[in-house]
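# Structural overview for review
If you want the building blocks of each chain, they are given just below.
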Amino acid sequence: MARDPDTIEREIEKARDALASTLDELSVKANPKRLADSAKTSVLAKLSEPKIKYPLIGAGVLIGALLLRKLVR
């Protein structure tokens, strides 16, 4: 069963357009600046949670006190 060349050409053009659209979407999603901004936002949101924030502050104070003690001796 032979198909009409015009129909085949239209189908090829539709497939090209769909592929171009998919590639455009992927390039937007895989943009390194966008990924870095997203990771930064995620980390900052996680660090602002009290159950993460306060233990980190405590650990920093403890390390600072130990370093100061070592320097004073």
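The rules we used
- Residues numbered from 1 in each chain as written.
- Predicted model: local features only at pLDDT ≥ 70, side-chain atom pairs only at ≥ 80, totals over all residues.
- Heavy atoms only, no water.
- Helix = DSSP H or I, 4+ residues; strand = E, 2+ residues; numbered from the N terminus.
- Rg over C-alpha atoms; globule rule 2.2 N^0.38 Å.
- Areas by Shrake-Rupley, 256 points an atom, 1.4 Å probe, with all protein chains shown as cover.
- Lys, Arg positive; Asp, Glu negative; His and termini not counted.
- Charge placed at Lys NZ, Arg CZ, Asp CG, Glu CD.
- Buried < 20%, exposed > 50% of the residue type's maximum accessible area, 1.4 Å probe, protein only.
- pLDDT = per-residue confidence, 0-100.
- Salt bridge = Lys/Arg side-chain N within 4 Å of Asp/Glu carboxyl O.
- Patch = residues over 30% accessible without salt bridge, like charges linked within 9 Å, V, L, I, M, F, W, Y side chains within 5 Å.

## Considerations on the overall build of the chain
Per the secondary structure count, the chain includes 3 helices and 0 strands. Seen in sequence order, the chain has helices and strands lined up from the N terminus as α-α-α. For the chain, the C-alpha radius of gyration of 28 Å lies well beyond 11 Å, the compact-globule estimate for 73 residues. Principal-axis analysis of the C-alpha atoms places the extent of the chain at approximately 90 × 25 × 20 Å. For the chain, the exposed area adds up to about 6800 Å²; of that, 66% sits on carbon and sulfur atoms. Within the chain, one finds 14 positive and 10 negative side-chain charges whose respective centroids are separated by 26 Å.

## What about the environment of Asp6?
Tracing the sequence through the fold places Asp6 in helix H1 (residues 5-29). Asp6 sits in the partly exposed class, given a relative accessible area of 45%. Here the alpha-carbon distance between Asp6 and Ala18, two residues 12 residues apart in the chain, equals 18 Å.

## Things to note about the confidence of the model for the chain
Per-residue confidence for the chain gives a mean pLDDT of 91, with 97% of residues at or over 70. Ranking the elements of the chain by mean pLDDT puts helix H2 (residues 32-47) last, at 91, and helix H3 (residues 50-72) first, at 94.

## Notes on the pattern of salt bridges
Here the structure, examined in full by the defined rule, presents 4 salt bridges. Put simply, Glu11 and Arg3 hold a salt bridge, and the shortest N to O gap is 2.4 Å. A relative accessible area of 38% places Glu11 in the partly exposed class. Judged by its relative accessible area of 48%, Arg3 is partly exposed.

## Structural notes on the environment of Ile63
Relative to the helices and strands, Ile63 resides in helix H3. Placed 42 residues apart in sequence, Ile63 and Ser21 show a C-alpha to C-alpha distance of 52 Å.

## Focus on a nonpolar patch on the surface
On the surface, Leu19, Leu23 and Leu26 cluster together into a nonpolar patch covering about 300 Å² of accessible area. Among the structural elements, Leu23 can be located in helix H1. Its relative accessible area of 49% is what places Leu23 among the partly exposed residues.

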